[in-house]
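Fold and contact review
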Amino acid sequence: MPPDRMRRFLKSAVGPLENSRGSVVVLIVMLIALLSFIPIGAELVKVARKNIKLQTNATVQADNVARAGLTDAVAWFKRQTSQPVGSVKYGMSYPDAAFYPRTSTNSVTSDTIDESIGLVKEYRIGESNWLWARYEARRQPDPSSNSIDPHAVHDITDKRVDGFAAGDGLAWYIESVGYVYRLRNSTVAFNVAPNEIVARSRVATEIRRLSLTVPAAAVRITSRANGTVNANCRVSGGNNAAGAMYTSGTGGSWSAGTRTTGTPALQSTTTAISVQSVFGVTDYDLKLMADYNVTSVNALPASYPSMALVYINGAATFNSSRPLRGGGVLIVNGNLTLDSGSNTLFSGLLWVNGNLTVNGPAIISGTAVVTGSLTMNGTVDVAEIQYDSGILSSVRQQVGQYRENKSAFHVFSAQK
C-alpha cells in the first residue's frame, strides 16, 4: 500500500477513537462538577430548613405573645373597681373611652408602658438579649377628631345585649397584636431599623358580663302544682322575698306559713323566666363561658369549686362520693338529684332545666330556679332552700365578672 494511502487509512481509524476519548473526558468533567455541587445543595437545603424552623418558632411565639395581650386586657377589665366598665357610667364622650389603661411610675402597678396607644407591654424572650416580645391592645381614639380604628378595643354592648347601648360596658371586643422582634438599638422604636420584626400575629375575642337578674324568691318554679315540700323541709323567702314564685297553676304541696314562708309565702307572676332573661346570654353562649362545661358530675373536680360557673349538660346526681358542697352558679340541663348522704351545702344560684329532688340534710342559700317539678324530702334531716340577697350579690361580683366568649376567639394569619 502506498505511504499516502496508509497515512489516510490510519488517520481515518484513529480519528473516531480520539473523538470518543474526548467525549468521555467531557462527561467525566461534567460528572465531577455535578458531584461538587451536591454538598452545596445539601447545605442550602439544610439552611432553608433551619430558616423555616426559626420562622415557624417565631410565628408560634408571636401567637403566644398576642394571647398574653388578650389575657392582660381581660384582667384589666376585671380589676377595675367600678363594674361594669362603661363610658356612660363615667360620663365619657364616646362609648369606647372607658378602656383607658394608665402608665404609672411604679412598674409593678402600671397598666401599660404607653397609654397613648393602649395596653402595651414588652419583655425579653428567654435568656437572649436580642429577641424581645411586645403586645398591644389598642385604645380607640376619640371618633370626633379621629377615624375609627377597626382593630382597637370596642364596646359592643348594643350588638350583644338586648335593651342596652354601646357605652354600658356589658360586652367588649378585644384585639391584641403580638410581635417578636430583634432588638439591636434600644434608643429607637421596636419597628425602626436596625431593630427588626421577626413575626407578628393578631388574636381577638369578646368578653361579656353575666347580668344574673334573678327573681326575689327562694324558689322560682314554672307551675305551682309541680311543687312538693314534705315534712321537715323549708322554703324560706324571708322579709324581702317570696318563698315560692310561680308562673301558672294552683295547688301543690307547699304548706304556706309553715314549710313555705316569705313575703309573701307564695307569689304568682306573669313575668316569664329564661336563660336569656336571667343571665343576659343565650344557653349556647352560657356553656362556652362556663368555668366547667361537662356532661356528668364525675367530670367535675373531686372537690366542688367554691365560686364558679358550672354547666352540666345532662342529668346529674350528687351523692356521698360526689357531694354538692360549694357555691357560685350551677346550671343543670336535665334532672338534678341531691342524695341524702351528700349533706348538700350550696351557696348561690341553682338553675335546673328539669326536675329537682332535694333530700336532707341539705341547705341551699341564694335561690333555685326549676323549670320542671320540685320535690323536697326531709326524712333523714332538714332540707331547706333559703333566699339570700347577700350571697347572690357576691355571686354577681365574682361569678358574673367579665368572661371570655370562647366561640368568638379568632387567630388571624401571622405575618412578618
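Described below are features of the structure shown in this document. No experiment lies behind these values; they were computed from the predicted model shown. (Residues numbered from 1 in each chain as written. Predicted model: local features only at pLDDT ≥ 70, side-chain atom pairs only at ≥ 80, totals over all residues. Heavy atoms only, no water.)

Focus on the overall build of the chain
What the chain contains, in helices and strands, is six helices and 22 strands. Every one of the 416 residues in the chain was classed for burial, and the buried ones make up 41%. Taking all contacts inside the chain whose residues are at least 6 apart in sequence as the whole, residues at least 24 apart take part in 51%. Approximately 20,700 Å² of the chain is accessible, and the part contributed by carbon and sulfur atoms is 55%. (Helix = DSSP H or I, 4+ residues; strand = E, 2+ residues; numbered from the N terminus. Buried < 20%, exposed > 50% of the residue type's maximum accessible area, 1.4 Å probe, protein only. Contact = heavy atoms within 4.5 Å. Areas by Shrake-Rupley, 256 points an atom, 1.4 Å probe, with all protein chains shown as cover.)

Details of the packing of aromatic side chains
Inspection of the entire model under this criterion finds 10 aromatic pairs. For the ring pair Phe 77 and Trp 172, a centre distance of 5.0 Å and an interplane angle of 50° mean the geometry is tilted. You can see Phe 77 sitting in helix α1 (residues 3-78) and its partner Trp 172 sitting in strand β4 (residues 171-182), a full 95 residues away along the chain. Considered together, Phe 77 and Trp 172 belong to a single accessibility category, that of buried residues. These aromatic residues form a ring-pair network of at least three members: Trp 76, Phe 77, Phe 99, Trp 172 and Tyr 402. (Phe/Tyr/Trp six-rings, centres within 6.5 Å; stacked < 30°, edge-to-face > 60°.)

Digging into the sheet that holds strand β16 (residues 336-338)
Read across the sheet, five strands follow the order β7-β20-β18-β16-β14 without closing on themselves; strand pairing throughout is parallel. Strand pairing shows two members of the sheet lacking a second neighbour, β7 (227-229) and β14 (316-318), which therefore form its edges. Strand-to-strand twist in this sheet, taken as the mean axis angle between neighbours without regard to direction, amounts to 5°. When β7 meets strand β20 (residues 374-377), the two strands line up parallel, connected through three bridges. What sits directly across from Gly 227, in β20, is Leu 374. (Pairing = 2+ DSSP bridges. Axes fitted to C-alpha atoms, helices over the stretch in contact; angles between N-to-C directions.)

Quick word on the side chain of Ser 223
Along the polypeptide, Ser 223 turns up in strand β6 (residues 217-223). A relative accessible area of 14% means that Ser 223 is categorised as buried. In this view, Ser 223 contacts Tyr 246, Ser 248 and Gly 249; residues no more than four positions away in its chain are not counted.

Quick look at the pairing of β4
Most of β4 is tucked away: 11 of the 12 residues are buried. Summarising the sheet, strand β3 (residues 154-155) and β4 pair through two bridges and their orientation is antiparallel. Bridge pairing links Asp 155 to Trp 172 in β4. With 12 bridges joining them, β4 and strand β5 (residues 196-208) adopt antiparallel strand pairing. Across the sheet, the residue bridging to Glu 175 is Ala 204, located in β5.

Overview of the environment of Met 376
With respect to the helices and strands, Met 376 occurs in strand β20. When the C-alpha positions of Met 376 and Arg 234 are compared, they lie 8.5 Å apart, and in sequence the two are 142 residues distant. For Met 376, the contacting residues outside a window of four places in its chain are Thr 228, Val 229, Asn 230, Cys 233, Arg 234, Val 235, Val 358, Ala 383, Glu 384 and Ile 385.

Structural notes on the nonpolar core
Ranked by internal contacts, the top residues of the largest apolar core, which has 37 residues, are Trp 254, Ile 312, Phe 318, Leu 330, Leu 336, Leu 350 and Met 376. With four residues, the top contributor of residues to this core is strand β19 (residues 362-370). Sequence-distant contacts of Ile 312, defined by excluding residues within four places in its chain, comprise Val 294, Thr 295, Ser 296, Val 297, Leu 300, Phe 318, Leu 330, Ile 331, Val 332 and Asn 333. (Core = buried A, V, L, I, M, F, W, Y, C linked by side-chain atoms within 4.5 Å.)

Structural notes on unusual backbone geometry
Thr 263 connects to Pro 264 through a cis peptide bond whose omega is -5°. Residue Pro 361 is reached from Gly 360 by a cis peptide bond, and omega for that bond is 0°. On the secondary structure map, Pro 361 appears in the loop between β18 (356-359) and β19. Residues other than glycine seldom take positive phi values, yet Asn 232 does so here, at roughly 70°. In this fold, Asn 232 is placed in the loop between β7 and β8 (233-236). Asn 232 sits in the partly exposed class, given a relative accessible area of 40%. Although it is not a glycine, Ser 255 sits at a positive phi angle of roughly 55°. One can find Ser 255 in the loop between β9 (242-248) and β10 (260-261).

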